[in-house]
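# Summary of structural features
As a plain string of letters, each chain reads:
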Amino acid sequence: MSLVNRVIWVLMAVLFVGYLLVVIYVKESRIKGEFNKKGIEVTETSPKDGEKLVPRDKAVFINLSRTLMTDEKADGIFLLKTDGIDISHTEEIVNNVVKIKPIKNFEYGQKVEVVVRKELLGGNENYIFGFRVELPQDMKLDDWKYQAVERNLRLMKNYSEELREIGMSVRGKNIYLIKFGQGSKKILLVGGHHGYEEESTSVLMRMADYFARNAGEIPKEVSIWIVPALNPDGLDKSQRQNANGVDLNRNYGVSNWVLDKTTTFYSGPYPFSEPETRAVKTLLDEEKFSLAITYHTNWNLVESNSYEDKFAGFNKYLGEVVTKIGYKYLNASDFAFEDLESKGEFVSWLYQTYNIPAVCVEMKTEPVEKSFERNKILLKEMIKWVTK
């Protein structure tokens, strides 16, 4: 190769390397804001920072203080994140408005963070705002079948402190507990002891939905623990007993428990013979509850397990509240103490074993929404009592 050709090849190589360096420089400059034209500011966002509930299919809009130049529309300037992980999204920029939409809809309950990189803004910090995605408005909460209950509880998970299984039914269905609030004064709500009392599950699903959307109403020292469907097998069959034919509300281990062999109220062969009541026992052994409420149907009354008003005026206070919301109040002392205990009922067992007040609500025969409103008032009054 002649000297002239060698010189030509060297010049071509130098030019090619120079071209590559320019391309790299331009690309990096876009990200680093080298092309920023003096002071871009974020003037408005939708959703707004801190907005708690927005539709899961909503796009994010960012209004900037001026129109972006072509060389300012670099990839990686606008980010969507959840739990620190980038969410794939599309961007549409028209004049000074940026529209960002996730490739897939946001998840229910997801906390989303939007980042505008500092390189675009020309400052020292990223512009960050965030929001939370709302639950569906129509959760079909009156669908009390196990699959519907399970589906809705999972949708609520991201709005709760915790959703977990506390045990399994005879036929292997999960028994769920959903918790709202972080306080040490714990209130336990249990529905669905009897499978044909579907309204007790529906009311507690409405209660869970209410606190998922209004968690701020729970005082900081209180937490609400909800087991909406203790007897999922009975619920699906619309029968009182569990899959073993046992009335779960006769299966708790009171000291003078009596075997009941009748078909309707069969107590099981011995206390806690059933996986469902054992799940409750494990929960009560692990957690120290301040109060418990269990829900049943059709008797239009509320019963206290607090014999002789042992818990500092609890019966008196409960009686006043119950009368106001339209239920008949029945003090446990109206029954023979031994008779109540020997039945192996949930509230009697709580009184005897854990020495806490417990309330049995026998709801009216009425639309579930009305029962929910009554019992929401009752629960709020019980919250007042545990925090007084």
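Residues numbered from 1 in each chain as written. Predicted model: local features only at pLDDT ≥ 70, side-chain atom pairs only at ≥ 80, totals over all residues. Heavy atoms only, no water.

Take the side chain of Lys 81 next. Its location among the elements puts Lys 81 in strand 4 (residues 78-82). What makes Lys 81 buried here is its relative accessible area of 19%. At 2.6 Å, the side chain of Lys 81 and the side chain of Asp 86 are in polar contact. (Helix = DSSP H or I, 4+ residues; strand = E, 2+ residues; numbered from the N terminus. Buried < 20%, exposed > 50% of the residue type's maximum accessible area, 1.4 Å probe, protein only. Polar contact = N/O pair within 3.5 Å; in protein donor to acceptor, adjacent residues only side chain to side chain.)

Here we come to helix 3 (residues 146-156). Every buried residue belonging to helix 3 is among Tyr 146, Ala 148, Val 149, Glu 150, Asn 152, Leu 153 and Met 156, and all of these are buried. On its buried side, helix 3 packs onto strand 10 (162-168), strand 11 (174-180), helix 4 (198-213) and helix 5 (232-237). (Contact = heavy atoms within 4.5 Å.)

A few words on the nonpolar core. If you look at soluble globular proteins, the nonpolar side chains tend to sit buried side by side. Counting residues in hydrophobic clusters, the biggest one holds 51 residues, and the most contacted among them are Leu 189 and Met 207. With sequence-adjacent residues up to four places away left out, Met 207 is seen in contact with Leu 189, Ile 226, Tyr 295, Phe 372, Asn 375, Lys 376 and Leu 379. Counting 27 residues, the second-largest nonpolar core is a separate cluster that includes Ile 175, Leu 188, Val 227 and Trp 349. (Core = buried A, V, L, I, M, F, W, Y, C linked by side-chain atoms within 4.5 Å.)

Remark: the centre distance and the inter-plane angle together describe each pair of aromatic rings, the angle taken between the planes. For the structure shown, the criterion picks out 13 aromatic pairs. Pairing Tyr 252 with Phe 272 gives two aromatic rings, centres 5.9 Å apart and planes at 85 degrees, and the pair type is edge-to-face. You can see Tyr 252 sitting in the loop between helix 5 and helix 6 (275-286) and its partner Phe 272 sitting in the loop between helix 5 and helix 6, a full 20 residues away along the chain. With relative accessibility at 0%, the residue Tyr 252 sits in the buried group. Pairwise contacts between aromatic rings join Tyr 252, Phe 272, Phe 346, Trp 349 and Tyr 354 into one cluster. The aromatic ring of Tyr 146 is capped on one face by Lys 173, whose charged end is 6.0 Å from the ring centroid. When the ring centre of Tyr 327 is taken as origin, the NZ or CZ atom of Arg 374, which lies over that ring, is 6.0 Å away. (Phe/Tyr/Trp six-rings, centres within 6.5 Å; stacked < 30°, edge-to-face > 60°. Lys NZ or Arg CZ within 6 Å of the ring centre and 35° of its normal.)

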